[in-house]
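Notes for the structure review
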Amino acid sequence: MDQSVPEKKPRASTLGEIGLQQFAPYLLNRIMGRYNASLRDDLKKQGLTVPKVRALAVLSVADGVTVNDLAVYTVIEQSTMSRTLDALEAQGLVRREACEDDSRVRKVFLTDDGRAEFARAWPAMHEEFEKMFAGIDEAEYSALIVTLQKMLRNIRKHEI
């Protein structure tokens with residue numbers, strides 16, 4: 001009985017060889033595009049956009065992060081994040097404060113109204129999340145999360 005380790009086949013090297021339906025970046029983009037599109041109408045009724053709700057979502061679990069870290073967590077460019085925060089602040093949903101250690105650094109906090117607004121947005125987000133994972137059992141979901149975290153570690157430029 002041969003107990004040697006099977007030789008690993010090299011991955012295909014062109015998109016034509018891989019195919020769109022096997023190309024993970026395409027699938028990830030398509031999934032998130034569909035998720036965001038599904039939320040857009042519900043969010044619009046609340047006066048929110050996808051970037052605004054991403055900021056509120058992150059702040060709901062990591063309140064008081066710096067503007068730069070919030071841009072990383074939300075995957076939103078710094079200039080777009082600044083405009084998004086301007087709008088959220090004008091709506092009374094967030095407040096920015098200078099960092100005690102460095103007055104050039106601003107931290108962002110949810111206001112009570114911001115927390116309430118996110119609480120109204122969350123059911124639609126959770127419903128779309130549940131639809132996305134319908135028919136996927138806990139083991140499959142856990143394996144996906146482990147794989148995505150490994151992928152993120154492979155490519156990330158920030159420690160968060």
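Cut-off values and rules
Residues numbered from 1 in each chain as written. Predicted model: local features only at pLDDT ≥ 70, side-chain atom pairs only at ≥ 80, totals over all residues. Heavy atoms only, no water. Helix = DSSP H or I, 4+ residues; strand = E, 2+ residues; numbered from the N terminus. Rg over C-alpha atoms; globule rule 2.2 N^0.38 Å. Buried < 20%, exposed > 50% of the residue type's maximum accessible area, 1.4 Å probe, protein only. Lys, Arg positive; Asp, Glu negative; His and termini not counted. Charge placed at Lys NZ, Arg CZ, Asp CG, Glu CD. UniProt positions renumbered as here; feature names shortened; annotations may be inferred. Core = buried A, V, L, I, M, F, W, Y, C linked by side-chain atoms within 4.5 Å. Contact = heavy atoms within 4.5 Å. Pairing = 2+ DSSP bridges. Axes fitted to C-alpha atoms, helices over the stretch in contact; angles between N-to-C directions.

1. Remarks on the overall build of the chain
When helices and strands are counted, the chain shows 7 helices and 3 strands. Reading the secondary structure of the chain in the N-to-C direction produces α-α-α-β-α-α-β-β-α-α. The C-alpha atoms of the chain give a radius of gyration of 20 Å, which is well past the 15 Å a tight globule of 160 residues would have. Based on the C-alpha atoms only, the size of the chain along its principal axes is roughly 70 × 40 × 30 Å. A total of 160 residues make up the chain; the buried ones form 26% of that total. In the chain, which carries 23 positive and 24 negative side-chain charges, the distance between the mean positions of the two groups comes to 5 Å.

2. Quick word on the UniProt feature "domain: HTH marR-type" (unreviewed entry) in the chain
Under the UniProt annotation, the feature "domain: HTH marR-type" (unreviewed entry) is placed at residues 21-153. Helix makes up 69% of residues 21-153 and strand makes up 9%, while its end C-alpha atoms are separated by 24 Å.

3. Digging into the nonpolar core
One finds Leu-56, Leu-70, Leu-85 and Val-94 to be the most contacted residues of the largest nonpolar core, which totals 27 residues. No other element matches helix H3 (residues 50-61), which puts 7 residues into this core. Leaving out residues up to four positions away in the same chain, Val-94 has contacts with Leu-56, Leu-59, Leu-85, Leu-88, Glu-89, Val-108, Phe-109, Leu-110 and Thr-111.

4. What to know about the sheet that holds strand E2 (residues 94-98)
Strand order in the open sheet formed by 3 strands is E1-E3-E2, and the pairing between neighbours is antiparallel. For this open sheet the edge positions go to strand E1 (65-66) and E2, each flanked by a neighbour on one side alone. In this structure, E1 lies alongside strand E3 (residues 106-110), joined through 2 bridges in antiparallel fashion. Counted as the bridge partner of Thr-66 is Lys-107 from E3. Each of E1, E2 and E3 is contacted by H3, which is oriented at about 90 degrees to E3, the strand it contacts most.

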